Structures are given as C-alpha cells and as structure tokens.
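Breakdown of the fold
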Amino acid sequence: NNSATLPTFAHFTDGSLNNYIRLNSGPSYLVRNFTNTGGFNQTQAGVNIAPANNSPYSIALGLTTNNARIYADGNPAALINSYSPPVVNKVEIGNWIAQNNTWLNGHISRLTYWPTRLPDTTLQAITSPTVDTWDLVFDSRLVEDSECAIINVNNCTYEVDWGDGTVETINGGTTQIATHTYLLPDEYTAKINVLTNTFRPSYVTDQNIAKALVEVKETPSGFPIYNTFNGAFYGCSNLRTFDRNVDTSGVLDFTNSFRNCTSLVDFPEIDTSSATNLTTICYNCTSLETFPKLNTSNVTNFSNGWRFCKNLKEFPLIDTSQGSNFILSWADCTSLEYFPPVDLSSGTEFDYSWYNCTSLRSFFPTDMSSATDINRAWAYCSSLETFPLISVPLATDISESWVSCTKLESFPPVQFPSATRFYRTWYNNTKLKYFPENVFDTTGTLTSDAFKTTFSFSSLTAGSVENILTSLDTNGQSNIELGIEGGSIAGMYSWSSPAWDGFNNLVSKGWTISR
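Taking 1.5 Å of rise per residue, the 14 residues of helix H3 (residues 462–475) would be expected to cover 20 Å, and the 20 Å separating its terminal C-alpha atoms lies within 8% of that figure. Along H3, the residues that are buried comprise Ser 464, Val 465, Asn 467, Ile 468, Leu 469, Ser 471, Leu 472, Asp 473 and Asn 475. Of the surrounding secondary structure, the elements contacted by the buried residues of H3 are strand E19 (481–483) and helix H4 (497–508). Once H3 ends, the next one or two residues include Gly 476, with phi positive near 90°.

In structure tokens:
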C-alpha cells in the first residue's frame, strides 16, 4: 500500500468510463468492489480491515447477477443481492489506467479467473490465511531402489517432510519432480506444506514413479485445486485410497486424473460441480466396482470416462444433460449389467459408447435426437436381449452399431432418416428373427456399401426379409450392396410375393444382393 488515491488491485473494463469493475483499497478498508454498469454506479461495501504495508493478503471476488461478494483473508463483505455486472473485455493490473493515480505500489503474486461464480464457501476457503497441506503415502517397496517422488506442475514452493527424518524445501518451477530414496523399504507419509502458490500433482509425466503412491491420506486445508486436475494421479497403479474432502470445487478439467489407477476399488465423492471435462477420468481403473453419483451438471465431455472398468457392475444416475461427447465412455465395461436412464438428449457423438459391454442385458428408451454418430455404439453387447425404440433422426453412420449382439431376437421400428451407412449393423446377430417394416423407407444418401453384410449370419424370418426388401425398394436408391446371407435366414423358397417383388426391383436398380 501507499498514499495513492484508492490504490487499485485490478480494473476490469471495456475501455470506457461507463462499464468497469474495480478492486481497490482505501484508508479504512482492505478492499472493496466498485462497479459501473452503463453509467450507473454500484458500490459494494468493502472488507473493513485497515490495510498495512508489507503485509500479504488474499482477495477473491464473486460476481453474478444479484449475487456479488468480496472475501479478503477469509473475511466477507456484505452480500449484494441487487447487482448487474457490466460487459468488460480486458483487465488492468495494479492501476486504473484512465485515472493514472491509483498505482498499487505492491506485488500481485497470482491472479486466477473462474468462468463461473464460485460458492461463498470456496471464496472464503481460497482467501483464508491457512496452510495448504498434502499428506501422500508412499510404499518404497514398489519401486526400484526405493526411490519415491513428488511431482508438481504448478509453480509453487513447498516444504516436504519425507517421513524418515528428512526435511527439505522445494523451490518453484513449472514442473517439479522431487525425488527421495528411502534407506529402509516400507510405507512412509510425506507431509507437504505449501509456502507459495498452490500445489498441483500430476504423475502423468512419469508412470514408473507413480507406482509408489498408495494413498492420499490427508487433504488440503481450505485450498481448492485450481481449474485443472489433468493427469493428477495418472498411472498411480497402486493408489488404493483418495480422501474425498480434497477441494476440487473449482476444477473444470479432470482429464486422465485417475487413469490407470488399477488398484482403486471405490471412487471418492469429490466435488465436480464446476467440471466440464471428464475425459478418461477413470480410464482402465480395472478394480473399480462402484462410482458415486457426482455432480456432473456442467460436464460436456464424457468420452472414455470409464473405459476398461471391467469390474464396474452398475453405474449411477448422474446428470448428463449437457453432455455432447460420449465416445467410448463405457466401452469394455464387461461386468456392467444395468445402465440407468441418463439424459442423452444433448449428445452428438456416441461412437463405441457401450462397446463390448458383454454383461449388459437391456437398454432404456431414450432421446438421442442430437446424435450424429452411433457407430459401434452397442457392438458386441452379447447379453443384450432387448432393445428399446430410440430416436436418432440425425445419425448418419450406423455401421456395426449392433454387430454380434448374439442374444437379440427382435429389433424395434427405429427410424434413420439421415443415415447413409449401415455396414455390418446387425451382422452376426445369430438370434435376430424379427425385423420391423418401413425402417428404411427414408434415409440419407446411401453409400455404395451401405448394406454390405448388414444382416449376414442372423436368423431372419421370411416376414422380416420381406420387410427389409420392400422398405429398401420404397427407399428408391440404386447401386447398393446388401448382405442377407449366412446363419439361419429364411431361404428364398419361403419368401412371399412382396419379398420377391422387392428383391427383383432392387436388382433392376443395380443392387448387388448376397443371399
């Protein structure tokens, strides 16, 4: 602090004097928010702590319509419940340029932006003058030469007590790998006290070192992980316990955060309320048996989230209403018997979503009206006995979607008005007998191999063959391949007159039909 008029921490503005948010100090308060929206002044009461020279402070401001509050060192200002944020596009740090007399004359060590307003409890926690601590348990018997390591990818300085009498300070750096060799092979708890900035682990950089970490025993005290948890415990194949109270309330990206944690049986109930990306969060967690009902209301990307979780038997009814990408999300979950009726209405990509879920017996009726790709979505679901009437009006590639669903005996009258390719879609459905009429009356522009081996090696009845041939004839397109050969498909001698008419009409249009 100095004697400048209202020294400024940060000034958010559109360049005019009519739209801005200013965080500034004053003689009797540490910080206040002064907002101008469209020329209308809005003043928020500040945190009434008299500023002192040479003293560090932590300040957080949460803003949304009719909900604005400042915290400083864990102390709140009054909540403003009548508030209209201005539209701004730049930030001036340490001064209000237009005034040019509000220099902070101090140091700002970190400035962090969240795209959504954080809860008051989080604002209080991240400004509270407490110590950011982590307790990591290592088993030096699991790695060569008993060498264990702490990997941090956030520029911070921390003190570590390795648990064997060795204490050292690790200085800041973009990626820090602090190694330690234990003389006696055993389990040790390394206690980390963060001195500057925030500690963020990421074991993705060294999969061999990651094997020694077996437990995240204690949690940060009031310090949330910022923005990303990407790769945090990737490859920690012996991690068996993770404390559920680690504050991840501000984390947007959980990509690879627990990937290849093959010893993790129960997933912790961490806070994912801000998350938008759960890509590969539990990829190849082969021992995982349960997954909690986390808050996933903002997640758009679920791709590969639980692939290869081969011991996962059931899945919770999480909020997937914002999800668009479900590629390979539950692929190869070979023990999954039941899947809940989650909201898939915003999903566009479903390639391989439930691929090789060999224990899945049924699927739920659902709105997939935004889906554009369902290629191999339910392929090799060999225990699937029934399938519901789903809505996929935009799906174009239906290739192998139900290939080798060997217990499926009938298929509902799903319409595919945009589909262009059905290559091997019901191939090797050895028990499939009943296929409805009019399914292919209207499609997109078909590729030349659109129906190649589509129904090969099934058990279609003569009536089902009639439904397929007459619908394709109604469709009217030419020069396409069609496979209805092999398996126990009704022989041509048993076909009805409409089936023969459909067959002959297709041949005259240049279709190549394998039978």
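Don't stop here, the text continues.
The subject of this paragraph is the nonpolar core. Counting residues in hydrophobic clusters, the biggest one holds 112 residues, and the most contacted among them are Phe 233 and Trp 306. Phe 9, Val 47, Ile 70 and Ala 72 belong to the second largest nonpolar core, which has nine residues in total.

Turning to the sheet that holds strand E5 (residues 59–64), a few remarks are in order. Taken in spatial order, the three strands of this open sheet run E5-E6-E7, and their pairing is antiparallel. Only two strands of the sheet have a single neighbouring strand rather than two, namely E5 and strand E7 (75–76).

Alignment of E5 against strand E6 (residues 67–72), held across six bridges, turns out to be antiparallel. By the bridge assignment, Thr 64 is partnered in E6 with Asn 67.

Let us now look at unusual backbone geometry. In terms of backbone geometry, most residues other than glycine have negative phi values and most peptide bonds are trans. Even without being a glycine, Asp 332 presents a positive backbone phi close to 65°. Of note, Asp 332 is situated in the loop between strand E18 (251–253) and H3. Overall, the relative accessible area of 10% leaves Asp 332 in the buried class. You will see that Asn 479, though not glycine, has its phi angle at about 60°, which is positive. Its place among the elements puts Asn 479 in the loop between H3 and E19. Asn 479 sits in the exposed class, given a relative accessible area of 53%.

Rules behind the numbers
Residues numbered from 1 in each chain as written. Predicted model: local features only at pLDDT ≥ 70, side-chain atom pairs only at ≥ 80, totals over all residues. Heavy atoms only, no water. Helix = DSSP H or I, 4+ residues; strand = E, 2+ residues; numbered from the N terminus. Expected span 1.5 Å × (residues − 1). Buried < 20%, exposed > 50% of the residue type's maximum accessible area, 1.4 Å probe, protein only. Contact = heavy atoms within 4.5 Å. Core = buried A, V, L, I, M, F, W, Y, C linked by side-chain atoms within 4.5 Å. Pairing = 2+ DSSP bridges.

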